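# Fold and contact review
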Protein chains: 2
Amino acid sequence: MAAKQVLEEKIKQQGEVVRKLKAAKESKEKVVNGNLSSVYLKLIERSFDFLNDYLSTRSYVCGYTPTSADRILFDTISKHKTADNPVHILRWYRHIGSYPANERNDFPQYDYDKLRSLINYYLDMQISEEVTKLLELKTQLSSSSETTEVNASTIQKFTLKTPKGTRDFSPEQMALRQGVLERIVSVFKKHGAETIDTPIFELKEVLTGKYGEDSKLIYDLKDQGGEILSLRYDLTVPFARYLAMNKITNIKRYHIAKVYRRDNPSISKGRYREFYQCDFDIAGAYDPMIPDAECVKIVYEILTVLGMTPFVVKLNHRKLLDGIFEACGVPASSFRAICSAVDKLDKSPWEEVRKEMIEEKGLSEESADRIGEYVRLNGKSELVEKLMSDQKLCSNKSAMEGLEAMQLLLKYCDIYGTSDKILFDLSLARGLDYYTGVIYEAVLLGDDVAGGDDISVGSVAGGGRYDNLVGMFDPKNKQVPCVGVSVGVERLFAVMEAKLAANKKKTRTTEVQVYVATAQKNLLEERMKLCSELWDEGWKVEHSYKKNPKLLVQLQHCEEYGIPFAVILGESELKKGVVKLRVVPTREEVEVSRTSLSDEIRKRLQNLCANGSA
Amino acid sequence: MAAKQVLEEKIKQQGEVVRKLKAAKESKEKVVNGNLSSVYLKLIERSFDFLNDYLSTRSYVCGYTPTSADRILFDTISKHKTADNPVHILRWYRHIGSYPANERNDFPQYDYDKLRSLINYYLDMQISEEVTKLLELKTQLSSSSETTEVNASTIQKFTLKTPKGTRDFSPEQMALRQGVLERIVSVFKKHGAETIDTPIFELKEVLTGKYGEDSKLIYDLKDQGGEILSLRYDLTVPFARYLAMNKITNIKRYHIAKVYRRDNPSISKGRYREFYQCDFDIAGAYDPMIPDAECVKIVYEILTVLGMTPFVVKLNHRKLLDGIFEACGVPASSFRAICSAVDKLDKSPWEEVRKEMIEEKGLSEESADRIGEYVRLNGKSELVEKLMSDQKLCSNKSAMEGLEAMQLLLKYCDIYGTSDKILFDLSLARGLDYYTGVIYEAVLLGDDVAGGDDISVGSVAGGGRYDNLVGMFDPKNKQVPCVGVSVGVERLFAVMEAKLAANKKKTRTTEVQVYVATAQKNLLEERMKLCSELWDEGWKVEHSYKKNPKLLVQLQHCEEYGIPFAVILGESELKKGVVKLRVVPTREEVEVSRTSLSDEIRKRLQNLCANGSA
């Protein structure tokens, strides 16, 4: 109890310190008069950032002429040599340094009031440090007494979290994710893809001007005196930068990596600020629709291998959309805006989209109605033929090019055996600006996709052709045509998790085959010897890190982690040169001579695999 | 040529625009008088950041009273509604909004000179935009004429690079990296490890105070109105945060992921700002040295499986070091500083380290010499015994605890069969503050490690016990003892790359088994049909994306990518229901009926694998 009283006294004193600092700040009294160098020193020790910002718009520390405030800061910085003074400090420092020392010493006295913003920053910093000390004391107090549990957990909540919109992945989640990704990668590899990697951040200028409105969601890095950097927003723009920079004119690559968007996270919809993208792209100048049809085939194979049926792959073509807009009297400058309105047709009824076109995008009612006639159509090759003989479209070059491309693509889809899941859908528009040809999107059907749970997933893969993006990075504007698909792995993970939960199935998080246990005390070294032998033979083996663990605890560990075999060492068995081999799922136990242990495990493991129990 | 002249004229005009803006800025004339709202609008359109910084130290736009400059900005922002006005703008906006509208309209006229810093920023922005336009025109000019090649490539160099200290990985590098990582992961899995993942960034406060001096190398994210975030600096601190946050008291996990350090990159030494770490850690309160010995075993297995022999694993103990320091008269407050001096013994001779201890760390000559007697010792268990009977140490509690721990560890290393590569080395100290027990470091021996090339790699793995780190994150300071190892995969990759280059071996970047080729024109659809059949049977298959590719080009592709089989379709073969199967490495060709193609490939692939040719 005495310790508690000491703490309470300390908290009271610390509270007083904080109150005084706050009062000083409010009263505007000259809290630090005559000791400006200690203020500077404190600021510098924390970081040069504030001073650098402060000087970024000033020639002198205060007012329009040099004062003693400049001289004091100059002296403080001189003693505090550092290689990387930020740019504005450096500029100011060189300027003040250009005065002879005797002139510097004669700079007139500074005006305290003109330093208000600097002093206030210093006071805020002091206050925040003292408040931290106060909170620490309060934490100590609450952890020393049972009654203040609530306080402690409040403080913990404050510091112990992952950043907004991000999360950790537990071993169970990682096991599921790795399993799903392995199956997706195996499809990419079936189609001969290589993989590359690019840095998580790019020069900001690489990303700007590529995403349209979404650019405001890009994460920037702090300017710490160097290049201006941003976290990658997708994998497509870095891929285009990679091609242009390395002058690569053809490649078929996949890339699975995290991307970053400062979006408003919606955990319930599985939307995070840090998430995986999983992209497959074919770059190169090839004949029409051959790589495009393979991308569709890949989406088809991935969703099939993951058991994501039923699904549909919607197809459309940007040139056809542009042709339709043109034929319906939309000015070319509004194509992208109308496109993004059309894109909302999967979530909103036509009436709303029409309203947006007229009221927000300034389209005439007549034009909107004409567009409405087209974008509500979907079908297969018979629709292509119907549109080819449509009066308004057959005289439009862009529309006819789009339709011919669609005709060829549908034929190739037939050959690749993907036609049963394909829908030519004129309402598909896709958000991104950079698409120039075919676009597609795979959507899961049926509300049973999540094993009964009401998880709405919608689009799980999408992509298209973007022939002009690489050229934006080439000084001679040299194009490398590309087509690709991005698999929405986060949504697929969510569906798989829901399915597993519904089936109450558990994913194994380790691959351990044998657990070496002991039935009596003082057998640690024997256990370690056997583990070492089994490891050296290539087995995946675990044992307890306790010297004398209870047998029950060891066997429970095996059941919890789904380890198929336990080898149990006992003194009498050791003398006989045998061990007990326990088949964990059946709890059957047999005595095996130590020399034939490996063979016995191998044999029994094959049986278990054949049974599907391991 | 006419086009070129037009361009040149445009460049001249644009150059004039830039010159005028620059002159206006220098002359301090009132360039924007009377049209302040357009200045504000331009600033806002670009970003709120500048205005927010500007207002962060000001109550009013200029001077100490409200002026028309406040009224104009207020009106501009009112029309430009946005949900996320940064904090200082908001504070200012609410304050100005608290004046009645009629008072606001009567604010006195602002003083132009007091807006200098704002106007200059605006002018800089304008100048930078016009300069960009100028550069674009110059780029167009240089790409339209052959003679200015140099200019064009200069401009390209400027934008097309990865950020300082980072790099892309090509398919060849990725194939090598994935191969190395797979073998490392297989060792982790042999020992029953699970894997987890954490976000690439953490709240800044999670990282501060954990790395000592190195904290200045942490990458911060820009404050875009939300949490203050930093990129992770290693995987150990996020792991400790994960354990404390999720109240996990025991886990055995590996984590392979990128970390970020704003270090001065040294490409020749393989030091980058973005690089992989590969960590294995065992967390939990267990009996002494059992998990510690397994970490050493894992390092031993990894370096052996990667063929990184000869190597040595140096061992030491922080408690022993502290005991030695104490016995030699070092004050407790200098332990960590002396420790970091000792750590330099692998690169510097004792004389230099001694000098640092005396001159920089303020140690007495006598103390330094005493330390020198100890830290230059190394050996095996006989050294432990010798030190246990050392007069100065045997009365020191910390030293004796360290020695007893070392004795136990060496015994366990004997059992685990790692003793042949182990060295008890008193000069090993390790840089990081958080170690509390055993520490170790694996070093490659011999200058032949890189296949003859002079790549100095040194330490390739290191780690130790850190029992107090998790507690730093727990509100009740609850400890979770941990021991772990970090494998220096970037260095291992570099050694493997050098070895491959020395042996002139090529890594395959795809896993394609069959290439479907055509010998004549107009067989694209037949090719696609066969590909589709083979894909559906699970084969890894590629074909050309050209409609009518040359046979030679197709076969060259197979040789370049190491594809073992080519199936060649021809009209006469199609009629007969057969295909030509070519074994690429031997160039042997056989006719196979289409129905038995899969069986034939399977049989021959097994032969090739047995031969080691595929």
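Just so it is clear, the model here is predicted, and its values are computed rather than measured. (Residues numbered from 1 in each chain as written. Chains lettered and ligands numbered in written order. Predicted model: local features only at pLDDT ≥ 70, side-chain atom pairs only at ≥ 80, totals over all residues.)

### Brief notes about the overall build of chain A
In terms of regular secondary structure, chain A is built from 24 helices and 16 strands. On C-alpha atoms alone, chain A measures out to a radius of gyration of 34 Å, which is more than a quarter above the 25 Å that the 2.2 N^0.38 rule sets for 614 residues. If one aligns the C-alpha atoms of chain A with their principal axes, the spans along those axes are about 90 × 90 × 50 Å. Taking all 614 residues of chain A together, the buried fraction comes to 37%. Expressed as a percentage of contacts within chain A between residues at least 6 apart in sequence, the contacts between residues at least 24 apart total 72%. (Helix = DSSP H or I, 4+ residues; strand = E, 2+ residues; numbered from the N terminus. Rg over C-alpha atoms; globule rule 2.2 N^0.38 Å. Buried ≥ 20, exposed ≤ 12 C-beta atoms within 10 Å, placed from the backbone. Contact = placed C-beta atoms within 7 Å.)

### A short note on the nonpolar core
With 261 residues, the main nonpolar core has Val299 of chain A together with Val299 of chain B as its most contacted residues. When neighbours within four sequence positions are excluded, valine 299 of chain A is seen to be in contact with Val313, Ala442, Ala461 and Val485 of chain A. Core analysis: the next-biggest nonpolar cluster, separate from the first, contains 21 residues, Val39, Tyr40, Leu51 and Leu115 of chain A among them. (Core = buried A, V, L, I, M, F, W, Y, C linked by C-beta atoms within 7 Å.)

### Describing the packing of helix α15 (residues 350-360) of chain B against helix α16 (residues 365-375) of chain B
Residue and element names in this part refer to chain B. It is at 9 Å that the axes of α15 and α16 come closest, and there the two elements cross at 145°. Every pair of crossing elements has a handedness; the one defined by α15 and α16 is right-handed. Residue-level inspection shows Trp350, Arg354, Met357 and Ile358 of α15 in contact with α16, the latter providing Glu365, Ala368 and Gly372. Residue composition of the contact of α15 with α16, grouped by class: four nonpolar, one polar and two charged. (Axes fitted to C-alpha atoms, helices over the stretch in contact; angles between N-to-C directions. Left-handed = near helix turned anticlockwise from the far one by under 90°. Nonpolar A, V, L, I, M, F, W, Y, C, P; charged D, E, K, R; others polar.)

### What to know about helix α13 (residues 318-327) of chain A
Residues and elements named next belong to chain A. Burial analysis of α13 places nine of its ten residues in the buried class, the great majority of the element. Within the span of α13, buried status applies to Arg318, Lys319, Leu320, Leu321, Asp322, Gly323, Ile324, Phe325 and Ala327. Tucked inside the fold, the buried residues of α13 contact β6 (311-317), α14 (335-342), α16 (365-375), α18 (391-394), α19 (397-415) and β9 (438-444).

### Quick look at the sheet that holds strand β6 (residues 311-317) of chain B
Residue and element names in this part refer to chain B. If you trace the nine strands from one edge of the open sheet to the other, you get β1-β4-β5-β11-β10-β9-β6-β8-β7, paired in mixed fashion. At either margin of the open sheet sits one strand with a lone partner, and together these are β1 (194-195) and β7 (378-379). For β6 and strand β9 (residues 438-444), the ladder comprises seven bridges, and the chain directions are antiparallel. The partner of valine 313 across the bridge, within β9, is alanine 442. This element, helix α13 (residues 318-327), spans β6 and β9 of the sheet and lies at about 55° to β6. On the sheet, helix α19 (residues 397-415) packs against β6, β8 (422-425) and β9 and is oriented at approximately 150° with respect to β6. (Pairing = 2+ DSSP bridges.)

### Topic: the relation of the copies chain B and chain A
Superposing chain B onto chain A requires a rotation of 180° together with a translation of 0.0 Å along the rotation axis, leaving an RMSD of 0.2 Å. The relationship between the two copies is best expressed as a two-fold rotation axis. Interface overlap between copies: 100% of the residues of chain B at the interface are likewise at the interface in chain A, consistent with a symmetric, same-surface contact. (Least-squares fit on C-alpha atoms with pLDDT ≥ 70 in both.)

### Here's the deal with the sheet that holds strand β14 (residues 565-569) of chain A
All names here are of chain A. Here five strands make up an open sheet; going across it, the order is β13-β12-β14-β15-β16 and the pairing mixed. Because the sheet does not close on itself, it has two edges, and the strands there are β13 (541-543) and β16 (588-593). The sheet shows a mean angle of 30° between the axes of neighbouring strands, direction not considered. Two elements, β14 and strand β15 (residues 578-583), share four bridges in a ladder whose sense is antiparallel. Residue pairing across strands places alanine 566 opposite arginine 582, the latter belonging to β15.

### A short note on the environment of valine 487 of chain B
Residue and element names in this part refer to chain B. Tracing the backbone through its elements, the reader meets valine 487 in strand β11 (residues 482-487). Residue classification places valine 487 among the buried residues on the basis of 29 C-beta atoms within 10 Å. Considered as a pair, valine 487 and tyrosine 276 are 211 residues apart in the sequence and their alpha carbons are 9.5 Å apart. For valine 487, the residues in contact, after removing those within four places along its chain, are Ile184, Cys278, Ile302 and Ala461.

### Topic: helix α21 (residues 524-536) of chain B
Between the first and last C-alpha of α21 of chain B there are 18 Å, a value that for 13 residues agrees with the 18 Å anticipated at 1.5 Å per step. Turning to α21 of chain B, its buried residues number three or more, namely Leu524, Arg527, Met528, Leu530, Cys531, Leu534 and Trp535 of chain B. Considered in projection along α21 of chain B, the buried side chains sweep an arc of 165° and stay on one side of the axis. On its buried face, α21 of chain B sits against α9 (171-190) and α19 of chain A together with β12 (514-518), β13 (541-543) and β14 (565-569) of chain B. Just beyond α21 of chain B, the residue with positive phi is glycine 538 of chain B, at close to 100°. (Expected span 1.5 Å × (residues − 1). Arc of directions from axis to C-beta.)

### A look at the pairing of strand β11 (residues 482-487) of chain A
Residue and element names in this part refer to chain A. For β11, a buried count of six out of six residues is recorded, marking the element as mostly surrounded by other parts of the structure. When strand β5 (residues 274-283) meets β11, the two strands line up antiparallel, connected through six bridges. Paired with aspartate 279 across the two strands is serine 486, which belongs to β11. Relative to β11, strand β10 (residues 459-465) runs antiparallel, the two being bridged by five bridges. Within β11, the residue paired with alanine 461 across the bridge is valine 487.

### Side note on the pairing of β16 of chain A
Working note: regular strand, side chains alternate between the two faces of the sheet. Residue and element names in this part refer to chain A. Counting buried positions along β16 gives zero out of six residues, so the element sits mostly on the surface. Strand direction decides the pairing type here: β15 and β16, joined by six bridges, are antiparallel. Looking at β16, one finds that leucine 581 is bridged to valine 590. Taking the residues between adjacent antiparallel strands as the criterion, β15 and β16 are bridged by four residues, where arginine 587 takes a positive phi near 65°.

### What about unusual backbone geometry?
Residue proline 310 of chain A is reached from threonine 309 of chain A by a cis peptide bond, and omega for that bond is -5°. Looking at where proline 310 of chain A falls in the secondary structure, it is placed in the loop between α12 (290-305) and β6. Phi is positive for lysine 247 of chain A, which is not a glycine, with a value near 50°. The phi torsion at methionine 289 of chain B lies on the positive side, around 70°, for a residue other than glycine. Turning to its location among the elements, methionine 289 of chain B is positioned in the loop between β5 (274-283) and α12 (290-305).

### Some thoughts on the confidence of the model for chain A
All names here are of chain A. The predicted model of chain A averages 87 in pLDDT, with 90% of residues at 70 or higher. Per-element confidence in chain A is highest for α12, whose mean pLDDT is 98, and lowest for helix α8 (residues 149-159), whose mean pLDDT is 40. Scored below 50 in pLDDT, residues 449-455 makes 17 contacts in the model with residues more than four places away or belonging to other chains. Overall fold confidence (pTM) sits at 0.74, and the ipTM for the predicted complex is 0.73. (pLDDT = per-residue confidence, 0-100.)

### Observations concerning the environment of aspartate 168 of chain A
Looking at where aspartate 168 of chain A falls in the secondary structure, it is placed in the loop between α8 and α9. When the C-alpha positions of aspartate 168 of chain A and lysine 506 of chain A are compared, they lie 19 Å apart, and in sequence the two are 338 residues distant. With residues near it in sequence (within four places) discarded, aspartate 168 of chain A still touches Thr162 of chain A together with Ile196, Asp197, Thr198 and Tyr242 of chain B.

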